[in-house]
Each structure stands twice: as structure tokens, then as C-alpha cells.
Amino acid sequence: MTTRRQVLGYASALAATAPAGEALAQAVSSSHSNFAQSGLVGHLESATEATAIPASFKEAPMLAELVKQGKLPPVHERLPVEPLVLKPLDAIGRYGGTWRRGFIGPSDGENGNRINASDKLLLWDATGSKIIPNVAKGWDMSKDGKTFTLFLRKGMKWSDGHPYTADDFAFWYEDIYSNRDIVPTPIPDMSPQAKPGRLVKIDETTVQFQFDVPYYLFLDMMAGDTLIGGGQSVQQSIGNCGGAYSPGHYLKQFLPKYSSEAAVNKLAREQGYDNWGRLLAFKKDWELNPELPTLGGWHTVKPINTPTWTMVRNPYFYMVDTAGNQLPYIDNIVMTLAESLEVVNLRAMAGEYDMQERHIDLQKLPIILDNRDRGNYDVHLDLAYNGADTAIQINLSYKDDPEIAKWLHTADFRRALSLGIDRDQMNQTFWLGLGTPGSAVPAEVMPQNPGKEWRTKWSTHDPAQANKMLDALGLTKKDADGYRLRTDNGKRLVLQVEAVAAMLDYPRQMEMVAQQWRKIGIYGDVKQMERGLAFQRIAANQDQINVWTNGGTELMYLFPRHCLPVDPTEAHLGVEIAKWYSSGGKQGMAPTDPELKRALELFRSAAGQQEDERNKTAQEIWKIIVDQQYSIGTVGQSPAQFGVRLVSRKLGNIPSRACIAQHCRTPETSRPETWFFKA
Amino acid sequence: MRLPFTRRKPAPSKAERYATATQLQLTWWRFCRHRLAVVSLIVLLLAYTAAIMADFLATTDPHQTNAATSYIEPQAIHWFDNGGFHPFVYGLKGARDMRTFKLSYKVDTSRKVYLDLFAHNYDYSLFGFRTDIHLFGLRNANRNDGIYILGTDQLGRDLWSRLAVATRVSLFIGLVGVSISLFLGVILGGVSAIYGGWIDILVQRMIEVVRSMPTIPLWLGLSAAMPSSWSVTQVYLAITIIISLLSWTDLARTVRGKFLSLREEDFVLAAELAGASQARIIFFHMLPSFTSHIIAAVSLALPAMIISETSLSFLGLGLRPPAISWGVLLQDAQNVQTLVLAPWLLTVAVPVIIVILAFNFLGDGLRDAADPYG
């Protein structure tokens, strides 16, 4: 058994080698000059872990009442022997209250998943640069990078009171993950260099991941928003089966292994599902199934497919504050369904939400600021580290129209498209001048940034150069309106650009880009599309160009789908190539572009590299992406996504700046469990 | 003996004029008595002229975006300078307040930008000729100068120019749509009345089915069925057809009713007895006697058509940017920042209201005039 001191020793030793490391810490101190005047950008901060376990524990009045009635064991029995002790940011909070928030429907599950990301095994600190304990109290990585040991909290329990132990990992690994009916192919996170790893139970509170090849990246993977490390809430909602652990005591009843296929199918049909697979998909989804045992701070009582997605505190939650109060402070979360993003914003401005950063429109910032006193809220601007809030993603495996495919797969054509974009104009119009124009590379302070010159490489506004390049490619003939003609049938060369009206106002942004492309004779036909349809077309390899954020690419290995075609679940840059990559060449289409091939090979080699080397590899990959303009960056490093934070003045322990990044599971790194309603 | 004819013939009395006037004259006289209809007719003629000349009236390219001119409020034109008639606008200086994040423009009174008639600007084609002459434009303009009579939108596009082009699209979508439904209405209504029997029943039930369908969900379905690869023009045409496919029913009913009542008239019987063919009876005897009714019905159907397009596009189901129509412009104004920061974008509603009202008054006048004896 490891002592607590040893565990903390591991933690600090690892902090030194944590990926984003010192570079990101510097970013915290250097403030963005544009924002300095506004006073809306604070510094990255959050509740921190305390070492001393309080001598006694207290609980919320609503739980004390249940204990008195004998419906719940006393608080010290519900907490782990070693709870996670958080020192709240400003003050010990008081219990109670309902956090009102907005969501936009069943597709908005991430809204709740992220608040409950306390169910992740490991997390990042407030700066997003250091891995810290969460569900797991510590970890160990072997020198050869092949074995990773996680230490769990003794006596920790699921939200239904059942013990949470290494058996839940073993159940996930053996009965969920290894069941090919549920998870058809091994996930890449568990299969470095296509060699499947194993999960082994060492004792009640110790589990080990074992790999045949060095996999130094795995620790980051466990802390990141990945299939293995994302946590139960996100990874076991519809469609996904990652997350590394699962409540076996509850889910066993739905698996054929523990009764028979006929029995579980019968059970499924009784409850209105076609087969046991469908039933399991529903039962393991915390957003839909209020019965499901979870680990997060709040669990669902009214599911996401109702107009008010309601959550209530988890009586067995594993965190306490330094005074011994079991967290969270806030009793309930009620998310009200908003018909549109406009409604979310209006309600937020009317003070109808207590804390909302999701779906807030940066373009409304002037009015949001005007209404601060009326709505009784404060506004914080949190800046992102990814290079492009709007990235123009080229489908590198497109083939439906050979002529268009030929051009999309020509580097100079893509470079010309990029040079044809006036990013300053976009920044002024859609980002209120507060973003950073340039290529898709992450912020200069990030360890994977390849260098300053790559921000502007092929990413300035130079229509003359773009025209020259297009002429040199042989696209010299133009029609009466000045648009270039196809070389095969002499008709106008039309590029279809699919823009979803979600997150940012992509359709209107692209309308502006299409106007700018007019000057280089390129006709961009901008299609406004519903999100589901657009992603379906991407998955079917039908799109030519699509527009989306490149959020998550600030730490490329943890969330690569927005900068490289490696993940078929959301392959903006070419689903066929992503299939080829993830299947190890068995499916999909091999890339013919040698540079793309090189980028993918570099990416594959990175998992077995130590941190410094790995970051150098990432820089190399970024150089290829920018030089080839697979992903055309426009404007980024702004608060446009999750970065305009409206917080009720009644709430306490709110950080002045939150790290908004995919791997941080914003707002989890701000520790919503420690927020409270002041008297 | 008869006296030589010495007296001048007296001017015919009102009653005499009435008695001798043709049907068309009577209709016109009756129409002129409806003052509102006359005014409306003039308004509509002007509107359609403006629509045809949209690009000529526009002062800048309606698609031209410019971040430096985002959300400029309507700008006044100063007409006199140095004691003479020299229209000009002042230059503007824009800056963003980094505390409130609002863009604000200051009038730079030291810089006057003069207006010219028939100025050169962007290329367009008018009646098949390519030209770059516009009604008016700026003489000594900098990059960000413009005549922002109605202000600019978020992308810095001149609303006046956009409105001109939108008027063309919206007014003609109405005309095209009505032509299609007129065609369908006259054919199906006529066939229904003339042949009667099961054809009549079939057509009438079909009309009832079409009329019973709730329009918004139907539009939703139909516009969702449009392939996403269609170009703006194809969508435009499809929208027109969708709208007219739903609105021919009124006309068909009117036509059928008229046919039925006229069939019993003496002059039709007379023509039949005189051996006229059925086609001749329909096209030379019956149709002319109720064209005026059709015109009235059409003038009442047009505004419905225009409103349909506008509301469809407003809901995001009809035309989509980069197409410009009234509905598209109104959709642009469909957010809270417009209401607070750029309320002038709502002025698009004014021409919609004026044109719709004018069509309704005109239709009213025409309906009265169609029956001058009434």
C-alpha cells in the first residue's frame, strides 16, 4: 500500500514533466494587451488541493435530514477514507441553492458532462498545464513508459452508496471494453502502435495499465478529454464506451454474460428497446438514466430530454473542503431548455442564469456589459489557447467531383485560398477586434507552437500573390463575373463551403470570406447547415470544405481531430484518411500526399516519445499543417467559445479567469463543487 | 323645311358619356374614384421601377463587406456648401471603445466627401448591358467612405444598396410566383368548370386538400427537401414554385365560379347558337369578361406571395445569404445586438409594409373597378 506522502511525491515529480509545463504558466502572467483596459481578464486560479484531511466532516442540511430519517448513512461513512480535500479559492462556502443554467437540447449533453467532470481519473490544475489528482489520488509511471499505476481512494463510493473499487475498472475492461458487441474495435487510446494494452487489477484500490511499447503520452491521455480519460459522464453517454471504469454492480443485470442473451433481450423488449445493446446504451447514459450510479458532484434526477434537465447533489461525493464540509456546496442544478442561442443570451442578460459561459455570444458583449447591473452579474473574459476559433477545414479525402478534389488536394490552391482571406477584417467584425488573426497553430506560449513565423506563414492577406499562384496552376480562364473556370468543362469553379450555425456565426463569417475570395476569382458557395446534417456529410466523405473551431489542438495529442485526419468520429480533414489511419491501413483511403503521410507518421510516433521530444514532434507536425494549409486558420485565441462568462454576483469562489481548453473540461478546472451562494 | 344645322352640338352629358363609354373606360373611371388605389398604383409603379433599376440606385456593391464600416448609423446628406448646391457627406472616424467594446463613429467635419450624379462604381448588367454607372456616388472618397443613407449592417454593407437589390428579389419573386399560380389557377379552375363531373370533383377536392394543409410545417418539409447543393438561384426558383403551388387554389376557385356564372349568360348562349367553337367561346367571349376579376384577384394574391417569401426567409427556410431579399435582411436584424446597437436595420420593414398595403389598396380599387356598373 502506498502512503499518502508517496502519492504526493509522484504527483510533484510528474508536475515537472507535465506537458504544457512552464510555458503555459508564463501565459498566465502575460496579459493580452487588447483586453487590459477592459479589466475583464483576470488571472488563472482555482481551488487547490490541501494535504491535511480534516478531523471531522459536515454535510449539507438536505442530507443531514435524510441521515436523521435513517435513509442515508452518516457523512463519515459516505466519504472515502482519503477524500479529495480542496482549499476553496476565497472562502469556506455555505450549503444550499439552485444553480440556474441554460441548455439547448439533448444534443447539449456536454453542458452537464463538463460540470461533472469531477468523475475524471486525473485532471489539470487552474493553468491547464499540470496534471493533478482527481478520482485517482495518485499515479505512477514506470521508467520505460510501459506501465501506469493508478491509486484509488479507499472507501470511495458510487452515488448509490456501493463501493467504488478496482473491480469497477476490471468490469469496464473485461465486460464493456473487451466486449466486441459493445465496443467493435479497440480504441486507439488503449492501443499504442496498434498493440492493445491491458488493464489489470492489482488490489482493491490499485489498477495498472500495461502496454507492450513505450507510451509516455498515456498519462496525458488519462488527464485529457480522451476516450480513456474523459470520465464516465461523457464517455458513457450515447455512443461512447470509454472512460476506464463502469458501475458493474448496476450494469451487470443488462449484460448477457451474467444471465443469458435471451434473458437480457427479453428485459430490453419489456422496457421498449429492440435488444440488450440498445437498453445498455440507455442505461449507461447518466444524462438519460437517473438510476445510473455516478461519481460526479451532481447526478441527474430529470433527464436531458425534458425541458428542465435537473441534477441534485451526490450524497457520496468524494470531495470535502478544508473545514471538512462535504462538497458540493450547491444543492441542485436546473438547466432550462432554450429554443435558440438567442434565447440563452437574452435569459443570461436578464439574470435568469447564475453562471453561464456556454452558448454566450461574444458579439453581444457590449450589451452583456450594459446589462451587468440589471441582471446582477459579473462578466469575465477567458482567453483560449487554440489558434483558430474558425478553421476552414479541407476534406483531404474528397473525391466525388474529381476536378474539385484535384484542386483541394493541391497545396498551392489551398495556400491561395488562405492568402485570399482578410483576417483583420474578420477579427474586427466578428471578434470585436479581440482575437488573434493568423494560421491554425496554438498560442505562442504553448509548448507545441512551432515558432512565431508560423502564425503568419501563408496566413496574411495577399490577394495579388494568391492570384499569381492560381494563375500558375492553370486556372487562368474567368467568366464575365471574374470567377475562375473549371479546367474540365469550362463551367465556373464552385467550392462548396459547409457552415453550421452553432458555436460561432460560421455562416456569416464564411459569407465574408466568400466575398474576399471573389477578389482571387474563387467562388465559394456558402451553405448554412444544421449541425447534424453537416457532420453526417463529413462522416460520409461528401463535404468539400467545412468550417469549425480547432479547439483542443492546443495540446494536439489529446484532441487531434481538428488538426489532423486521425479520428473517424469527427474527421473534418477527411474521413477516409482518418479511417485509414485509425485502422492501421485496413480501411479507408491511404493519403497520397507525401507531406500528409509524413505528418501522420510523426503523429503516430509521438505516443512513445518523452515529453520534450513529443512536443518537438508536434511542432514539426504544425509546420506541415501550416505550410500545406490543410487547415486554414483565421482568428483565434479569443474568448469566443466558452470564454464570455456571466456569473451572478451572488456566487462565491469564482475564479477571475478560467482556463478554457478542451483538456481542462471547462468549467471543471474551476471546481464548480466549491462555488456557493453567498447569503 | 328644315333649318340648316346651325347650333353646335352640346357637350355630352355625364349620363351620355357613361352610356357611350367602353368597358375599359368605365373601369378606368371607376378606378380613379378610388383615390387610395390610384396613389397605391403610383407607389407600386415606382417600387417596380426601383426594383428594375436596383443596381443603378445602389451606391455601393451590396455584397461588399468592410469591417471598418460595421454598424454605421444612417448618415445625413448635406445639400449646400459654400452657398451653392453641392451635396456632400462628412467623413467618419470609427474606433472601438475597449471598455464597452462598442464601435463608435465620430463625424469628421474637416473632411467633406462630395456626391456626384451618375458616378462610376461596381459593374452590373441592366437590360443586358454591362455598365458601372450609378445614380449617385462619391467623388473624393477614401476606402471607408460611403453614402450611408440607411446605415450599414454588421458586415459593414450599405443597407440602402442592399435594400434596393432586396426589393428587386422580393417583388419579382411575387410576380413570378403569381404568374405560376395564375396559370395553374386559370387552367385548373377553367377545366373544372367547363368539364364538370368527376373532373370538377377531383379538382375541387384537391383544392380542399391543399388548402387544409398547415403551411408552415409544409414549407419546413419542402425547403428541407431541397438539396443542399443547390445554388442560390435554384433555391430562389424552388421557393417561388413552392409558394405558388400552394396559392393557386384561390384563383382556381374564382375562375371556376366566374365560368359557372358566365356559362348561363345570354351572350354565351348566343355565341353557341351562332356556331362558335368552344375554344372561341372561352377565349373570346368568356375570358375577356372576367379578366378584370382575375387582375383584382392577382393584385390581392401578390402581397400574400411577397409576405410568404419574406416570412420564409425570416425563419431561415427560404432564401439564404448571400441572396438578398427582404426576408433575408430582416433575418439579419433578428438578434438582440441589432435592436440595441443597430436599430436602423429594422427600417427594412418599412418598404415591406408600404408595398403590401399598396397592393391591398390597389386590389381593393381594382375589384371595385372590375364591376363598373355595381
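Residues numbered from 1 in each chain as written. Chains lettered and ligands numbered in written order. Predicted model: local features only at pLDDT ≥ 70, side-chain atom pairs only at ≥ 80, totals over all residues.

Draft legend 1. Main features of the packing of helix α5 (residues 159-195) of chain B against helix α10 (residues 278-314) of chain B. Residue and element names in this part refer to chain B. As a packed pair, α5 and α10 sit with axes 8 Å apart at the nearest point and diverge in direction by 125°. What the angle tells us is that α5 and α10 run oblique. As for how α5 packs across α10, the hand of that crossing is right-handed. On the side of α5, the interface is formed by Ser170, Leu171, Ile173, Gly174, Gly177, Val178, Ser181 and Leu182, while α10 contributes Val298, Ala301, Leu302, Met305, Ile306, Glu309 and Thr310. Across the contact of α5 with α10, the residue classes tally to nine nonpolar, five polar and one charged. (Axes fitted to C-alpha atoms, helices over the stretch in contact; angles between N-to-C directions. Helix = DSSP H or I, 4+ residues; strand = E, 2+ residues; numbered from the N terminus. Parallel < 35°, antiparallel > 145°, perpendicular 65-115°, else oblique. Left-handed = near helix turned anticlockwise from the far one by under 90°. Contact = placed C-beta atoms within 7 Å. Nonpolar A, V, L, I, M, F, W, Y, C, P; charged D, E, K, R; others polar.)

Draft legend 2. Quick look at helix α3 (residues 35-52) of chain B. Residues and elements named next belong to chain B. Along its 18 residues, α3 runs 26 Å from first to last C-alpha, staying within 8% of the 26 Å computed at 1.5 Å per residue. Every buried residue of α3 is accounted for by Ala37, Ser40 and Ala51. With its buried residues spanning 55° around the axis, α3 presents them on a single face. Of the exposed residues in α3, the ones pointing more than 90 degrees away from its buried face are Arg35, Ile42, Leu45, Leu46 and Thr49. Considering only its buried residues, α3 is in contact with α2 (23-32), α4 (54-57), α5 and α13 (349-370). (Expected span 1.5 Å × (residues − 1). Buried ≥ 20, exposed ≤ 12 C-beta atoms within 10 Å, placed from the backbone. Arc of directions from axis to C-beta.)

Draft legend 3. Highlighting the domain arrangement of chain A. What the domain assignment lists for chain A is domain 1 (4-246 + 284-353 + 643-667) and domain 2 (391-636). If you average the C-alpha positions of domain 1 of chain A and of domain 2 of chain A, the two centres end up 33 Å apart. (Domains from an automatic or database assignment.)

Draft legend 4. Geometry of unusual backbone geometry. Residues and elements named next belong to chain A. With an omega of -5°, the peptide bond running from Leu327 to Pro328 counts as cis. Turning to its location among the elements, Pro328 is positioned in the loop between β12 (319-321) and β13 (332-337). At Asn376, a residue that is not glycine, the phi angle is positive and equals roughly 55°. Counting through the fold element by element, Asn376 comes out in the loop between α15 (372-375) and β15 (377-381). On the neighbour-count criterion, Asn376 (12 C-beta atoms within 10 Å) is exposed.

Draft legend 5. Layout of the sheet that holds strand β24 (residues 644-648) of chain A. All names here are of chain A. The three strands lie next to each other as β14-β24-β15, forming an open sheet whose pairing is antiparallel. Two strands in the sheet have a free side with no partner beyond their single neighbour: β14 (355-356) and β15. Bridge count for β14 against β24 is two bridges, and the pairing is antiparallel. Across the sheet, Met355 pairs through a bridge with Val647, a residue of β24. (Pairing = 2+ DSSP bridges.)

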